[in-house]
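# A closer look at the structure
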Amino acid sequence: MSGDRLYAGVDVGSATAKAVWINSAGETLGSSVIPSGGNLADAATRCLRLAAERAGCAPDAAACIVATGYGRERVPERSRAVTEITCHARGARALFSEARCVIDIGGQDSKAIALDDQGRVLRFEMNDKCAAGTGRFLEVMAHLLEIDLDDLSRRALAGTSPVAISSTCTVFAESEVISHLAQNQPVDDIVAGLCRSIASRVYGLVSRARLTPPAIMTGGVARNQGVVKAMEALLGSPIHVPESPQTVGAYGAALIARDDNASS
Amino acid sequence: MDLSQWIAPFEKVTGDYYAYAREAAERGRKVAGYMCSYAPQELLYAAGYLPVRILGRIGETNRADELLQAFSCSFARSVLDSALEGEWPFLSLVMFSHTCDTMQNVADLWRAHTPGTEVMIVSVPSRTDSEAAVRYYTAELERIRKALEKQCGPIPDEKINEALSLYREHREAMRELYGLHAANPGRLTGAQMMHVNLAAFLMDRAEHLEGVRNLIAAFNAAGAQEPDGRPRVFVAGSMCRHTAFIEFMEAAGCRVVGDDLCVGSRSYAFADADGDTPLEAIARAYLARTPCPAFHHSTRQPGDALVEAVRRDKAQGVIFLLTSFCDPAAFDHVPMTQALEKAGIPALTLSVEQHREPPEQLRTRVAAFVEMLQGSATP
């Protein structure tokens, strides 16, 4: 391993910062996920260091670092910034080589990306400036229902007859959830309904970008089985969820860093 | 060779949107505001007016929101806001064209809320390709001429013919400049081109033409510009009041090489026409244009001219600046994107508020689109 070049990618999103270190074979050596907080540059640096520590390498060992995510221009260590569309496409395709589309649901935005047979971006759609159909929506509801975010997934799968959540607006949907609670609906059914609501909202983007399977889902919300199952039902096809969906963008950025270094 | 000094006179004018017209009014020239490129600027010019295109103000709208619904487009809100804020005290008249119901109502609101300014409405036939449309529009121009003559005295035919020649020469010069820009992207930025365009709507055409000719001469003297490999992008839409939109596209790594904007090349992309009278000549020339989304042609499909222009400018992709809540543009957008897709030209649509800074999320979309074009260029 000694002498092998190392590369890092850092994805500074609205909710969390993610970093991944890889070797020249593209294998992940270490990764980290921390809250983005108010200082994006600081979060990027801490996140990169933590991932370096886990990878067992020095924080300045990377031959090239690519930054992505909404805070990409704020990352002091970056060699260059690449958008999350390109990075998610790159990372997703490396993890799932058959992928012809990527559905990414992050903290503040969601994306539907169509790939050609070579894995290049063909088309993409992003949500509007609204929290509906994003991780933020789930966070608000988890808080309201006093359920741990990680527990939402289990509760959604336990729901046997999901309630209908018809509002696309997060604030209106919150009032709707309160009405369901007042009517004594089981919480599991409400959670299942919320997951279905996110999926159908994002499915609008999926249709607009005319995505075709095989699909891979990335972003923090992909950790929620309820949303994945609801999306699979809408898509009519199984969705591949990588082991660590949250770090796919950072992993793609690290791969682009490696490509950049190879071509320079 | 840096062409900045030849752009400076235009940027000076666009830097203070009202100064040029205000100073002209102070020197005793009558100033006529107009909203739409189908308003007969040659006729206003022949009547001695300085025609100034009203494009609204940059920034938030306040007072217009008291009168217009939230689903009115940002152009209408901003234009009305500029009137209500009293930013046009030196206008002798304001000319609207019947483009859409929203602007028709803005005309009425303008009349009701700024007493003392004459508000005229030109009714342009919505279907443009018939002899009936020519007769109708010619009669409408006769009516406008009589109304103007009440304000400023007789408008002789020779004056109209002179204005027609000046405006034709100006369109030819602008087309030449666009051609040079598309052939040498980077010599001028897309934003600099937009300053030249916006200044055309504020300045006396003769003075603007002189500036454009100087710029063309400097452009030719500068020789060919080496291509830098950045993706060539074409901007489609209607309005672009805020050059920040072009700046942020180019900051994402592309070159804006052409446009079909109403405040851009669309205003120059038509030839003179013959007519039995000068007014009929104006009517025929205007109606022979590729119709804007507010008007219709029975055989030409929206999108045909766009694909042709994109190919002419060798653009690799198209970015639509679609004004939120502009229904006519939204209707045309569908066949336009279909025509582009059929031609294999990638497109990105940005739904925008014309008078605000582009939000961060749009930057990400444009940057991703540019990366996508780069990817398709180097498989």
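Scroll up to find the structure this text is about.
As a starting point, this report considers the structure included with it. (Residues numbered from 1 in each chain as written. Chains lettered and ligands numbered in written order. Predicted model: local features only at pLDDT ≥ 70, side-chain atom pairs only at ≥ 80, totals over all residues. Heavy atoms only, no water.)

This part takes up the overall build of chain A. Across its full length, chain A holds eight helices and 10 strands. In terms of overall size, chain A behaves like a compact globule, its C-alpha atoms giving a radius of gyration of 19 Å where 264 residues would be expected to give roughly 18 Å. Seen through its principal axes, chain A has C-alpha atoms that stretch 65 × 40 × 30 Å. Counting over 264 residues, chain A shows a buried share of 55%. For chain A, contacts bridging at least 24 residues in sequence account for 64% of all contacts bridging at least 6. (Helix = DSSP H or I, 4+ residues; strand = E, 2+ residues; numbered from the N terminus. Rg over C-alpha atoms; globule rule 2.2 N^0.38 Å. Buried < 20%, exposed > 50% of the residue type's maximum accessible area, 1.4 Å probe, protein only. Contact = heavy atoms within 4.5 Å.)

Further remarks concern the interface of chain A and chain B. Counting from both sides, the interface comprises 18 residues of chain A and, opposite them, 14 residues of chain B. If you look at where chain A meets chain B, you find one salt bridge. A salt bridge links R210(A) to E341(B); the nearest nitrogen and oxygen atoms lie 2.9 Å apart. Counting every contact that joins chain A to chain B gives six residue pairs in polar contact (both at pLDDT 80 or more). Residue assignment for the side of chain A that touches chain B shows that the elements contributing at least two residues are α2 (84-95) and β8 (121-126) of chain A. Looking at which element gives the most residues to the side of chain A that touches chain B, the answer is β8(A), with five residues. Across the side of chain A that touches chain B, the residue classes break down as eight nonpolar, three polar and seven charged. (Salt bridge = Lys/Arg side-chain N within 4 Å of Asp/Glu carboxyl O. Polar contact = N/O pair within 3.5 Å; in protein donor to acceptor, adjacent residues only side chain to side chain. Nonpolar A, V, L, I, M, F, W, Y, C, P; charged D, E, K, R; others polar.)

Residues and elements named next belong to chain B. Strands sit in the order β6-β5-β7-β8 across an open sheet of four strands; the sheet is parallel. The open sheet terminates on both sides in strands that have one partner only, identified here as β6 (255-259) and β8 (347-352). If you compare each strand with its neighbour and ignore which way they point, the axes differ by 30° on average. (Pairing = 2+ DSSP bridges. Axes fitted to C-alpha atoms, helices over the stretch in contact; angles between N-to-C directions.)

F96(B) and W110(B) are the most contacted members of the largest nonpolar core, which has 136 residues in total. A total of 10 residues in this core trace back to one element, the largest contributor, which is helix α8 (residues 157-183) of chain B. Each residue touching W110(B), except ones within four places of it in the same chain, is listed here: M35(B), I54(B), V79(B), L80(B), A83(B), W88(B), L91(B), V94(B), F96(B), T117(B) and V119(B). The next biggest cluster of nonpolar side chains, apart from the first, holds 39 residues, and it includes A114(A), L138(A), L211(A) and V227(A). (Core = buried A, V, L, I, M, F, W, Y, C linked by side-chain atoms within 4.5 Å.)

Right, let's talk about unusual backbone geometry for a bit. Residues and elements named next belong to chain A. Cis peptide bonds are those with omega within 30 degrees of zero, and the linkage from P213 to P214 qualifies with 0°. When you line up the elements, P214 lands in the loop between α6 (187-208) and β9 (215-218). Of note, the phi angle at E146 is positive, near 55°, even though the residue is not glycine. In this structure, E146 sits in the loop between α3 (135-145) and α4 (149-158).

Here we come to the sheet that holds strand β4 (residues 118-122) of chain B. Residue and element names in this part refer to chain B. Judged by pairing direction, the sheet is parallel, and its four strands sit side by side in the order β2-β1-β3-β4 without closing on themselves. What marks the edges here is a single partner per strand, and that holds for β2 (50-53) and β4. Each strand axis lies, on average, 25° off the axis of its neighbour in the sheet, ignoring direction. Looking at chain direction, strand β1 (residues 31-34) and β2 are connected through four bridges and run parallel. Bridge pairing links V31 to L50 in β2. Contacting β3 (91-97) and β4, helix α7 (residues 131-152) crosses the sheet at an angle of about 165° to β4.

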